Amino acid sequence: MNILKYFKGYPEEVLNQIEGLVQSGKLKTYLYAKYPEPHNISSDKLLFQYTNGLKQQYLKKAPQLSKVIYEKQKDIVQSALGNHTFVSRNHGGKLKSKHEIRVSSTLKNAPMEMLEMLVVHELAHFKEKDHNKAFYKLCTYMQEDYHQVEFDLRLYLLLLDLGETLY
């Protein structure tokens, strides 16, 4: 198993630190110290309410959400932990659009900050389609420590790959 598959493009120094955490058995301790409790958003209904609340707080003019669900069989390496879709359909001469967000069920037992980071990421795509400077500026507007939490989420995924759980 390639333990650094979530860290492509990171500097050698950072990769060495990650390998050190894994080899010393301190990865779980590091993450648990930063994130001592999981979130309690366990159902699709609660996830929708949570996501819609963030949308209303930060993106009031963005289109209405149609659906937000936990996706069960998601390949987290190939297709990512979350997905947003915009579907437009012609319905009786009117164009109807649906905006959906799907979150990997891998995050059902994750820390709240990590779930928030993924939801913020998918919501940012409502305004910015590409991963550009404006996209990441919007992400950090919605979650100030977005970049650190994204990095820690990669560490969390590595922990899961190693057959361990955080909680």
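Everything numeric in this text was worked out from a predicted model, so none of it was measured.

Contact pair helix α2 (residues 27–34) / helix α6 (residues 146–161): the axes reach a minimum separation of 10 Å and the direction vectors enclose 140 degrees. Classified by the interaxial angle, the pair formed by α2 and α6 is oblique. As for the relative orientation of α2 and α6, their crossing is left-handed in sense. Residues L27, K28, Y30, L31 and K34 of α2 pack against Q148, D152, L155, Y156, L158 and L159 of α6.

Here the focus is the packing of aromatic side chains. Applying the stated criterion across every chain, the model contains 7 aromatic pairs. Taking 6.1 Å as the distance between ring centres and 50 degrees as the angle between the ring planes, the aromatic pair formed by Y136 and Y146 counts as tilted. Placement of Y136 in helix α5 (residues 133–142) and of Y146 in helix α6 is noted, with a sequence separation of 10 residues between them. Members of the aromatic cluster, joined through ring pairs, are F7, Y10 and F151.

Another aspect to go through is the environment of D152. Residue placement: D152 occurs in helix α6. A sequence separation of 118 residues divides D152 from K34, and the C-alpha atoms of the two residues are 9.3 Å apart. Leaving out residues up to four positions away in the same chain, D152 has contacts with Y30, L31, K34, Y35 and M114.

Looking now at α5. Residues of α5 that are buried include every one of F135, L138, C139 and M142, and no others. Along the long axis of α5, the arc covered by the buried residues comes to 100 degrees, so they all point the same way. Seen from the open side of α5, the exposed residues pointing more than 90 degrees away from its buried face are K133, K137 and Y141. For α5, the side-chain oxygen to backbone nitrogen distance between the N-cap and A134 is 3.2 Å, and the N-cap itself is N132.

The rules behind the values
- Numbers given to residues run from 1 along each chain, matching the order in which its sequence is written.
- Totals for whole chains, interfaces and linings use every residue, but because this is a predicted model, local features are given only for residues with pLDDT of at least 70 and side-chain atom pairs only at 80 or more, for both listing and counting.
- Derived side-chain values reflect all non-hydrogen atoms in the structure, with water molecules and hydrogen atoms excluded from consideration.
- To define axes, lines are fitted to C-alpha atoms, for helices over the stretch in contact only, and angles between the resulting N-to-C directions are given on a 0 to 180 degree scale.
- Where helices and strands are cited, they refer to DSSP runs of H or I of at least four residues and of E of at least two residues respectively, numbered from the N terminus.
- To sort the angles, those under 35 degrees are grouped as roughly parallel, those over 145 as roughly antiparallel, those from 65 to 115 as roughly perpendicular, and the leftovers as oblique.
- A crossing counts as left-handed when the near helix is turned anticlockwise from the far one by less than a right angle, and as right-handed when that turn is clockwise.
- In what follows, a contact means two residues having at least one pair of non-hydrogen atoms within 4.5 Å.
- Stacked, tilted and edge-to-face are the three classes applied to pairs of Phe, Tyr and Trp rings, where Trp contributes its six-membered ring and a pair requires centres within 6.5 Å; stacked means planes under 30 degrees apart, edge-to-face means over 60, and tilted covers the rest.
- Relative accessibility decides the category of a residue: with a 1.4 Å probe and only protein chains considered, values under 20% of the type maximum give buried, values over 50% give exposed, and everything between is partly exposed.
- The directions from the helix axis to the C-beta atoms are what the arc is built from.
- Polar contacts here mean pairs of N or O atoms no more than 3.5 Å apart (in protein, one a potential hydrogen donor and the other a potential acceptor; neighbouring residues in sequence count only if both atoms are side-chain atoms).

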